[in-house]
Amino acid sequence: MNEELKLIQCDDKCGFQLRSHDEKEIMDLGRIHMKNKHNMTPSDAELRAKMTIVPQTAGSKR
Ligand SMILES: [Zn+2]
């Protein structure tokens, strides 16, 4: 199974980055970061809007 790597990047000032294969995990960790560091509680849609799919190229097997 080919699981895509997902990336959440905070704004340039913060520079925070999260990468995971697990969308739920990245959403949870992203939400915790936003709460702790920015005192914000983003919705799922807002977090998803920050999320990028990183294509898996190196060593891909099918
Ligand atoms: Zn941040």
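Residues numbered from 1 in each chain as written. Predicted model: local features only at pLDDT ≥ 70, side-chain atom pairs only at ≥ 80, totals over all residues.

1. With respect to the confidence of the model for the protein
- The predicted model of the protein averages 89 in pLDDT, with 89% of residues at 70 or higher.
- The least confident element of the protein is strand E3 (residues 51–54), whose mean pLDDT is 92; the most confident is helix H1 (residues 23–38), at 96. (pLDDT = per-residue confidence, 0-100. Helix = DSSP H or I, 4+ residues; strand = E, 2+ residues; numbered from the N terminus.)

2. Thoughts on H1
- In this model, H1 (16 residues) spans 21 Å end to end at C-alpha, consistent with the 22 Å of a helix rising 1.5 Å per residue.
- Listing the buried residues of H1 in full gives Ile 26, Met 27, Gly 30 and Met 34. Down the axis of H1, the sector holding all buried residues measures 100 degrees, keeping them to one side. Pointing more than 90 degrees away from the buried face of H1 are the exposed residues Lys 24, Glu 25, Ile 32, Lys 35 and Asn 36.
- The inward-facing, buried residues of H1 abut strand E1 (5–9), strand E2 (17–20), helix H2 (44–50) and E3.
- Of the residues one or two after H1, Asn 39 is the one with positive phi, at around 50 degrees. (Expected span 1.5 Å × (residues − 1). Buried ≥ 20, exposed ≤ 12 C-beta atoms within 10 Å, placed from the backbone. Arc of directions from axis to C-beta. Contact = placed C-beta atoms within 7 Å.)

3. A short note on the sheet that holds E2
- Spatial strand order, E2-E1-E3: three strands in an open sheet with antiparallel pairing. Each edge of the sheet is formed by a strand with only one pairing partner; in this case those strands are E2 and E3. Here the strands of the sheet are splayed against their neighbours by 25 degrees on average, with no regard to which way each runs.
- Examined bridge by bridge, E1 and E2 share four bridges and lie antiparallel to one another. Counted as the bridge partner of Ile 8 is Leu 18 from E2.
- Here H1 sits on the sheet in contact with E1, E2 and E3, set at roughly 160 degrees to E2. (Pairing = 2+ DSSP bridges. Axes fitted to C-alpha atoms, helices over the stretch in contact; angles between N-to-C directions.)

4. Concerning unusual backbone geometry
- Even without being glycine, Asn 39 reaches a positive phi, approximately 50 degrees.
- The class for Asn 39 is exposed, based on 7 C-beta atoms found within 10 Å.

5. Looking at the pairing of E1
- The alternating pattern of E1 places Lys 6 and Ile 8 on a buried face, while none of Leu 5, Leu 7 and Gln 9, on the opposite face, is buried.
- By the bridge criterion, four bridges tie E1 to E3 in an arrangement that is antiparallel. Looking across to E3, one finds that Leu 7 is bridged to Thr 52.

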